[in-house]
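Structural overview
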Amino acid sequence: MNPSIDISYSLDRLNINTVNRTNQVTKTAGGKGLNVARVIHDLQGDVLATGMLGGIHGAFITSELEKAEIKHDFVTIKEETRNSIAVLHEGNQTEILESGPIVSEDEQAKFSDKFRELLDLAEIITISGSLPKGLPHDFYQQLVQAAQAHGVKVLLDTSGVSLEKVLSSQNKPYMIKPNLEELENLLEKTFSLEHLEDIQLALVEPLFKGIEWIIVSLGKEGAIAKHRDMFYRVTIPEINVLNPVGSGDATIAGFAYAMTKKLNPYEILRMCMATGMANVRERITGHVDLANVKNYFSKVEVKKSRDSLINN
């Protein structure tokens, strides 16, 4: 709902309060949802991108999607689509994110109508990122409810109030993917990687009832996943990181793609971790190489947790 032009600057060193120069610049049609769409397209999945676009930046995003031959159907808004800037320096990533346009009530209504039209075409909906100003905090809740009425599964990757509103409603998404920090903020608790059983215990709280899949990303430590009443510990190999931007979005893309292929839970987790890892090997955000995906798929380890807190 809040796409952007993703601009990445690579610097050997970021110097404060002076001029920094670089010839390593990438500009891509971005935002979390479009990263997901690109990775699914790279996986040769059938994907259509939608949302809201406005102004010169919106036109740039449309042209980039057309160059990539990614299907799209966006609602046009009056205000300008935002920029998102990432500065990669000394092994760090510093981001400057614009808040984005203000969406009018009429534009909101037009998108809601568009969304319901597109539901007739969809097997899976992925919803990613923040909401632009002007949309109510429960807007994702409305989309989840509409999708469920059409029998379409929703994979939701958001945080903060938007996530809270969805989780507090009766209409739950099929899957959510918080990272550890987002889970801590949501539950107002602190977790340690040395006590992973505490994370498992948190995922059986009433707030998460009715969600088929929960994947808690642990960065280089892999993930903890809950599918129905079973927990899985996912570990990944150590790899050299070129560009970490969009790796979480690639994970969502891999999960969605794996679902369309009717893979089992072990294979779903291997696929979504493999696409997340393959993304960090690409300098352009939101892309994967199929050879890397296949390679990492075979190296991801998925085990059922020895502590089944639900069954005890």
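See the structure shown above.
Everything in this summary refers to the structure shown in the same document. In this text the structure is predicted, and so the values were computed from the model without any measurement. (Residues numbered from 1 in each chain as written. Predicted model: local features only at pLDDT ≥ 70, side-chain atom pairs only at ≥ 80, totals over all residues. Heavy atoms only, no water.)

Another aspect to go through is the nonpolar core. Of all hydrophobic cores here, the largest spans 47 residues; its most connected members are Leu 155, Met 175, Trp 213, Ile 215, Phe 255 and Leu 269. Apart from the residues lying within four places of it in its own chain, the contact partners of Phe 255 are Leu 155, Tyr 174, Met 175, Trp 213, Ile 215, Ile 268 and Cys 272. Counting residues in hydrophobic clusters, the runner-up holds 41 residues, among them Phe 139, Ala 147, Val 166 and Phe 208. (Core = buried A, V, L, I, M, F, W, Y, C linked by side-chain atoms within 4.5 Å. Buried < 20%, exposed > 50% of the residue type's maximum accessible area, 1.4 Å probe, protein only. Contact = heavy atoms within 4.5 Å.)

The next subject is the environment of Leu 48. Here Leu 48 shows up in strand β3 (residues 48–49). On the basis of relative accessibility, which here comes to 35%, the residue Leu 48 falls in the partly exposed class. With near-sequence residues (within four places) excluded, Leu 48 lies in contact with Lys 71, His 72, Asp 73 and Leu 118. (Helix = DSSP H or I, 4+ residues; strand = E, 2+ residues; numbered from the N terminus.)

This part is about the pattern of salt bridges. Taken as a whole and judged by the stated rule, the model has 10 salt bridges. Where Lys 67 meets Glu 64, a salt bridge forms, and the shortest distance between an N and an O atom there is 3.3 Å. Note that Lys 67 and Glu 64 are positioned in helix α2 (residues 55–67) at a spacing of three residues, about one turn of the helix. Taking the relative accessible area as the measure of exposure, Glu 64 reaches 22% and is therefore partly exposed. Of the charged contacts in the structure, one is a salt bridge between Glu 123 and Lys 262, with a shortest N-O distance of 3.4 Å. Taken together, the residues Glu 123 in the loop between α3 (105–119) and β9 (124–128) and Lys 262 in the loop between α8 (247–260) and α9 (265–280) connect sequence positions 139 residues apart. Owing to a relative accessible area of 44%, Glu 123 belongs among the partly exposed residues under this scheme. (Salt bridge = Lys/Arg side-chain N within 4 Å of Asp/Glu carboxyl O.)

The next point concerns the pairing of strand β12 (residues 213–217). Among the five residues of β12, four are classified as buried, and the element is accordingly described as predominantly covered. By the bridge criterion, two bridges tie strand β11 (residues 175–176) to β12 in an arrangement that is parallel. Among the inter-strand pairings, Ile 176 is bridged to a residue of β12, identified as Ile 214. As paired elements, β12 and strand β13 (residues 223–227) share five bridges and run antiparallel to each other. Pairing of Val 216 across the sheet is with Ile 224, part of β13. Turn length for the β12-β13 hairpin, with the two strands adjacent in sequence and antiparallel, is five residues, and the turn residue Gly 219 shows positive phi of about 65°. (Pairing = 2+ DSSP bridges.)

Right, let's get into the side chain of Ser 169. With respect to the element layout, Ser 169 can be found in the loop between α5 (160–167) and β11. Looking at Ser 169, its side chain comes within polar contact range of the main-chain oxygen of Asn 171, at 3.0 Å. (Polar contact = N/O pair within 3.5 Å; in protein donor to acceptor, adjacent residues only side chain to side chain.)

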